Amino acid sequence: MDNPKKFLSDDIPAFFYKFDTEVPFTNCSLCDGKLSDYSKYAIEKVFKQNKILNTSEIVYEYAICWDCAQTSGSDISEDSKIAIMSLFVEHKNFISMRTDYLHANKMYNIESWIERCSLTGKEVRLCNEYAISAIIENDKLLYEHSPMVVSDEFMEKLQSVLSKETKDKFDGLRDKILDGSPSVEDLIFSPTPGVL
Ligand SMILES: [Zn+2]
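Below, the structure is looked at part by part.

The rules behind the values
Residues numbered from 1 in each chain as written. Predicted model: local features only at pLDDT ≥ 70, side-chain atom pairs only at ≥ 80, totals over all residues. Helix = DSSP H or I, 4+ residues; strand = E, 2+ residues; numbered from the N terminus. Buried ≥ 20, exposed ≤ 12 C-beta atoms within 10 Å, placed from the backbone. Contact = placed C-beta atoms within 7 Å. Expected span 1.5 Å × (residues − 1). Pairing = 2+ DSSP bridges. Axes fitted to C-alpha atoms, helices over the stretch in contact; angles between N-to-C directions. Left-handed = near helix turned anticlockwise from the far one by under 90°.

**Some remarks on the overall build of the chain**
Helix and strand content of the chain: 6 helices and 6 strands. Ordering the α and β elements of the chain from the N terminus gives β-β-β-α-α-α-α-β-β-β-α-α. Counting across all 196 residues of the chain, residues that qualify as buried make up 32%. A fraction of 68% describes how many contacts in the chain between residues 6 or more apart in sequence connect residues 24 or more apart.

**Observations concerning helix α3 (residues 92-104)**
The first and last C-alpha atoms of α3 sit 18 Å apart over 13 residues, in line with the 18 Å expected at 1.5 Å per residue. Note on α3: the residue one or two positions beyond its end, K106, has a positive phi of about 50 degrees.

**Quick word on unusual backbone geometry**
Cis geometry marks the peptide bond from S146 to P147; its omega dihedral reads 5 degrees. Looking at the element boundaries, P147 is found in the loop between β5 (140-143) and β6 (148-151). For K106, which is not a glycine, the phi torsion comes out positive at approximately 50 degrees. With respect to the helices and strands, the residue K106 is situated in the loop between α3 and α4 (110-114).

**So, the pairing of strand β3 (residues 55-65)**
Of the pairings in the sheet, the one linking strand β2 (residues 40-50) to β3 comprises 10 bridges and is antiparallel in character. Across the sheet, I43 pairs through a bridge with A63, a residue of β3.

**Some details on the packing of helix α2 (residues 78-90) against helix α5 (residues 152-161)**
Two elements in contact, α2 and α5, have axes whose closest approach is 9 Å; the angle formed by their N-to-C orientations is 145 degrees. α5 is crossed by α2, and the crossing has right-handed handedness. Contact residues: α2 offers A83, I84 and L87, while α5 offers K157, L158 and V161.

Here it is in structure tokens:
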């Protein structure tokens, strides 16, 4: 197979701009470092679905530099790491089947990548909440294993295998990223480990 497995868009699609200012992220939400100092950084946006109006509303979003992305999960317990890995392995066939299909058909538009959960296939319109993450490489959107969608269904599975200690650590990380923003108190989501 000579299908490409990696594609860089011409620019950053507006979908991955900051929601309130409609311009690209400039600083890391964890260390406040300039994202332009990195050849790679990650973005995550969490949405709530309004099933009556059939619209999604953004709950929170952040950008994280490559250094912070590499180190943010490094202090979680071995047991939790193994649990996260095995959950991903369990869903591996679906993930690779789907990305293979998207790459083979050169479907390099965000809509195709974010319409359903990358792990379970659940459509985002059927989710109460879902998270979308992406990697920006040299000011271009990277299509490789991401953009990736994590549905509420997969997040619940993940929560069920994590130790309380690990969940607390992810919650702490989320609080640090969001700086105690009160609108996120009722969220089931944490920064999605293993996605980056
Ligand atoms: Zn950082």
